[in-house]
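# Residue-level structural notes
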Amino acid sequence: MKVMISAFVAALVIAFAAPPVLDQFGWSSAAQTSSESVRLD
Amino acid sequence: MNGKLVGAAVFVLATLCLNPVWAQETTEVDRKSTGGAQTLEDIMARQEKLKIDEQFRSDNTGDPANAAPISEPLGTLGGRSDADAWRGVRYDNINIETQVRNPAADVLIQNGGIGWYQLREGPVINYGGGALLGIILLLVIFYFVRGRIKIDGGPAGTTIERFKAVERFGHWLLAGSFIALGLTGLITLMGRSFLIPVMGPDAFATLAAGSKWIHNNVAWAFMFGLVMTFVMWVAHNIPNKLDWQWLKAGGGIFTKSHPSAKKFNAGQKIVFWTVMVLGVSVSLSGLSLLFPFQMPMFADTFGILNSVLGTSFPTDLAPHEEMQYANLWHSIVAFVMMLAIIAHIYIGSVGMEGAFDAMGNGQVDVEWARQHHDLWVAEVEAKQGKGGSS
């Protein structure tokens, strides 16, 4: 059961890590469709 | 007998062809009274869902070459009126230029949206949701008819390692993320119809935003788990002659026999390949949705299908249509996966005594293992010199 719970925790860790990692690569929709100078974020 | 059948088929076809709703009759409309523009008959025909030749307005988009000189009366209007321009937008046959950096920015009106919405809110929810309820009902009936599949003669009391920790980790990473994706996907798909009337729009907005975050980000864990389980188990899931014997015996479910199997029996191999093939498909369509307009796939897929099967799927798709096809395909494939996984969860938990231990702590009862995976037990014991139970 420890393995099961650790896998669920790993899924959460991956989920939280995904947005900043994607952002790092410039893979957000905002980055694809507008330049930095016109973005509000 | 055959003559009667052919006669019946001809009668049915003739009935369908003469029925205006099925035959989608094209109506001839005289548009002289409106100077070629839309008439009341056109509107009424469209409301009755009759097929209309739209060429009378799709081609009527003005001509700048006919513009009166600017010095003359009405010259500033040019050769193309606002109505002409909007018809051009409507039928995508004028050149739209924009400074917005977006593949979909120059599509202002797109026909497929209504069809997509109706399919999504209608058949996808009805058939998909109905199938989920149906499989649950079938499993409940099966449980009461067949009962829990017990270990013949009871457990041996000694155990054998069925799955290593890394295998169980990969399985639960895939399983946990799939359940999270399934639930949040159902909330996203069905929330408007079933949850807003119960909990109200404000509470649902919070739930929907949370579901979207989970769905978009847990998807990466699912894809990682998919790759992990494929690498670990593909060698054990290559079909062989033994699987045919297992399938012919129906896995012994109804005959209460125990057909021979190695590490994975034919039923487990079917689940494995269902998850792999549909998992890749749902991941690709999901990636297409995660990165809107960046990964169009359906025009190319339809092109390949048309060349191989001789079909005539549309290959000139607007960016929005690509997203609509991806969304529908994503939902349909996910429903098929959910059906398979619900059956898998049943047999791996309440449906069979001793089955959950394989993924619970990795240790299964030796007698359970001999009854369901006799050849695998023999292989393990041969490797361990007959003293392999722990």
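Values in this document were obtained by computation on a predicted structure and should not be read as measured data. Numbering of residues starts from 1 in every chain and runs along the sequence as written. As they are written, the chains are lettered A onward and the ligands numbered 1 onward, keeping that order. This being a predicted model, a pLDDT of at least 70 is required before a residue's local features are given, and a value of 80 or more before pairs of side-chain atoms are given or counted; all residues contribute to the totals for chains, interfaces and linings.

In this section: the overall build of chain B. The secondary structure listing takes helices from DSSP runs of H or I that are at least 4 residues long and strands from runs of E that are at least 2 residues long, numbered from the N terminus. Within chain B, the secondary structure is distributed over 14 helices and two strands. What you see for chain B is a C-alpha radius of gyration of 29 Å, clearly larger than the 21 Å of a compact globule of 390 residues, by over 25%. For chain B, the C-alpha atoms occupy an extent of roughly 105 × 65 × 45 Å along the three principal directions. Here exposure depends only on C-beta density: within 10 Å of a residue's C-beta, 20 or more other C-beta atoms make it buried, 12 or fewer make it exposed, and intermediate numbers make it partly exposed, the C-beta atoms being placed from the backbone. For chain B, buried positions account for 22% of its 390 residues. This radius of gyration counts C-alpha atoms alone. The globule rule is 2.2 Å times how many residues there are, raised to the power 0.38.

A tally of regular secondary structure across chain A gives two helices and zero strands. Across the 41 residues that make up chain A, the buried fraction comes to 12%.

In this usage, the nonpolar core is the set of buried Ala, Val, Leu, Ile, Met, Phe, Trp, Tyr and Cys residues whose C-beta atoms join them within 7 Å. Core analysis: the largest hydrophobic core is formed by 35 residues, its most contacted members being Val 218, Ala 221 and Phe 222 of chain B. Of all elements in the fold, only α1 (2-24) of chain A together with α7 (165-233), α9 (266-290) and α11 (319-347) of chain B reach the threshold of two or more residues within this core. Per-element tally for this core: the top contributor is α7 of chain B, with 16 residues. Distance between backbone-placed C-beta atoms decides contact: two residues are in contact if it is within 7 Å. Ignoring any residue separated from it by four or fewer positions in sequence, one finds Val 218 of chain B in contact with Ala 11 and Ala 15 of chain A together with Ser 177, Ala 180 and Leu 181 of chain B.

Our next topic: helix α6 (residues 112-146) of chain B. All names here are of chain B. How far a helix is expected to stretch is found by multiplying one less than its residue total by 1.5 Å. When the terminal C-alpha atoms of α6 are compared, their 47 Å separation across 35 residues agrees well with the 51 Å that a helix rising 1.5 Å per residue should span. At any given residue, the bend is defined as the angle formed between two axes, one fitted to the seven residues that end at that position and one fitted to the seven that begin there. The principal kink in α6, of about 35°, is found at Leu 119, preceding the proline Pro 123 by one to four residues. Following α6 by one or two positions, Gly 147 has its phi on the positive side, about 75°.

Moving on: the interface of chain A and chain B. Contact with chain A, which involves 17 residues of that partner, is made by 20 residues of chain B. Of all the elements in the fold, those that place two or more residues in the side of chain A that touches chain B are α1 and α2 (29-33) of chain A.

Turning next to the confidence of the model for chain B. Residue and element names in this part refer to chain B. Confidence in the prediction of chain B, expressed as mean pLDDT, is 87, and 91% of residues score 70 or more. A residue's pLDDT is simply how confident the predictor is in it, with values from 0 to 100. Segment residues 15-23: pLDDT under 50, and four contacts once partners within four positions in sequence are set aside and those in other chains are kept. Prediction confidence for the complex, expressed as pTM and ipTM, is 0.81 and 0.86 respectively.

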